[in-house]
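Next come the chains, spelled out residue by residue.
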Amino acid sequence: MEEEIRKEFMELLRLFDEGKLQEFKKKASECPPVDIAEGLEEIEEDDGRVLRVFRMLPKDMASDVFSYMTSDQQQLIVESATNAEIHDLVDDMFMDDTIDFLEEMPANVVKKVLQNTDEGTRKTINQFLNYPDNSAGSLMTIEYVDLRDYFTVRKAMDYIRRTGIDKETVYTCYVIDEQRHLVGQVSLRKLIIAPENACIRDIMETNPVFALTTDDQEEVADDFRRYDLTSIAVCDKEDRLVGIITIDDIVDVIQDENTEDIKKMAAIIPSDEDYMKTSVWSLVAHRLPWLMLLMISATFTSTIITHFETLLSGAVVLTAFIPMLMDSAGNSGSQTSVTVIRNMALGEVETRDWVKVLFKEVRVALVSGIALAIVNFLRMVIFTKVSTMIAMTVSITLLCTVVIAMIVGCLLPIGAKRLGFDPAVMASPMITTIVDACSLVIYFMIASFVLGL
């Protein structure tokens, strides 16, 4: 927590501990729910104050605070709450927040929640829980404004005023027909400025962007970015409107997807667990398989060095420059792979663009490699006092390895994507291992030719 937020929450906690409950409620109502939720995380789990503080929060903000709390604290509250409290809590929460909460809970907690909801809500929750994980269906909410195309603007505005208080957003309204097929959408802004007697079908957008319930959440996030959306309609296979996804949920998706990609790029098996609550053994389990694979694959490097042992014995000074060459090659490959992977994630690079990407990266590699080779040649001749031939050998190798590294760095992620794998897997550790072996082979071959060893 930031220091200012921490101080504000500690002041709230002081008022609660001193029994000044009215003043506590007044100040709590002025705080953002997310700040209170983060403040509750600072209280020890075995401290009974978490539940007592939560129960004293103003009723109209308790559900918002609950949706921001950690899954452990949510479970604690549900297990300790009365049936009436659970009913009121679920009734006040938006459906997408309810589903997010239940997906993290053990079966006994889910059962207790479902037992304390009305039949309609229970049916809806069960339907949501049956959607595939990380799909649009599991992410959507049913709290949206739907209009009919024959409504006038006046009738639509009256309808929004009556029902909008329970909706997650009213800024975009979705237009449906008698069979609930999505036929258009209209923004609140357009409704406000349109004549009151205008018909919705005359002012609505007739080709709205929508997602299917089975679409992957990453694809939905791409649609938000591509079309600058604040919400998107979600339809079933018959194009019937069943829910919407709002931008606040997509921000969480983007964060989760980016975190997953970063872990893959660092050769770590992705996990949704909170780092501070993850055991050492769990962290080892997520890291060791890749470390083991990379360690075994790195034995090729030692095999290559052993193979050229005779050459090294004839020019021992060559050994001193192996780390520099391997690091430069690895860094070059990593820069290229990260650039390509990121642009593929943003949709700016497709697998069919591999020739254009390769041509661009080869040019970048040649310019970068020549610059590095010249600087390295001058550095070796002036400062390390080695022979011109040795400096030339190392510098030519540097140019070649940078070019090879950038070619590998751009082609591997594209190849992985084409084969149906996540391109992030082909990031720094994997590419570094491959490029290290290539750079050594190139080094010794050039040394044999230039130095005649």
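## Structural notes on the packing of helix H1 (residues 3-17) against helix H4 (residues 49-56)
- At their nearest, the axes of H1 and H4 sit 11 Å apart, and the two run at 90 degrees to each other. Considering the angle they form, H1 stands roughly perpendicular to H4. Residues Leu13, Phe16 and Asp17 of H1 touch H4, and the partners they reach there are Arg49, Arg52, Val53 and Met56.
- Here the residues of the contact of H1 with H4 sort into four nonpolar, no polar and three charged.

## A look at the pattern of salt bridges
- For the coordinates displayed, the defined rule picks out 13 salt bridges.
- With its nearest N and O atoms 2.9 Å apart, the salt bridge here joins Arg14 to Glu18.
- For Arg14, a relative accessible area of 33% gives the class partly exposed.
- Linking Glu238 and Arg240 is a salt bridge whose minimum nitrogen-to-oxygen distance equals 3.4 Å.

## Some remarks on a negative patch on the surface
- On the surface, Asp100, Glu103, Glu104, Asp133, Asp248, Asp252 and Asp256 cluster together into a negatively charged patch.
- Taken together, the elements giving at least two residues each to the negative patch come down to helix H8 (95-103) and helix H16 (247-265).
- It is H16 that provides the largest number of residues to the negative patch, a total of three residues.
- Mapping Asp252 onto the fold places it in helix H16.

## So, helix H6 (residues 71-80)
- Among the residues of H6, those classed as buried are Gln73, Gln74, Ile77 and Val78. Down the axis of H6, the buried side of the element spans an arc of 135 degrees, and every buried residue falls inside it.
- Contact partners of the buried residues in H6: helix H3 (33-41), H4, helix H5 (59-68), helix H7 (83-92), H8 and helix H9 (107-115).

Analysis parameters
Residues numbered from 1 in each chain as written. Predicted model: local features only at pLDDT ≥ 70, side-chain atom pairs only at ≥ 80, totals over all residues. Heavy atoms only, no water. Axes fitted to C-alpha atoms, helices over the stretch in contact; angles between N-to-C directions. Helix = DSSP H or I, 4+ residues; strand = E, 2+ residues; numbered from the N terminus. Parallel < 35°, antiparallel > 145°, perpendicular 65-115°, else oblique. Contact = heavy atoms within 4.5 Å. Nonpolar A, V, L, I, M, F, W, Y, C, P; charged D, E, K, R; others polar. Salt bridge = Lys/Arg side-chain N within 4 Å of Asp/Glu carboxyl O. Buried < 20%, exposed > 50% of the residue type's maximum accessible area, 1.4 Å probe, protein only. Patch = residues over 30% accessible without salt bridge, like charges linked within 9 Å, V, L, I, M, F, W, Y side chains within 5 Å. Areas by Shrake-Rupley, 256 points an atom, 1.4 Å probe, with all protein chains shown as cover. Lys, Arg positive; Asp, Glu negative; His and termini not counted. Charge placed at Lys NZ, Arg CZ, Asp CG, Glu CD. Arc of directions from axis to C-beta.

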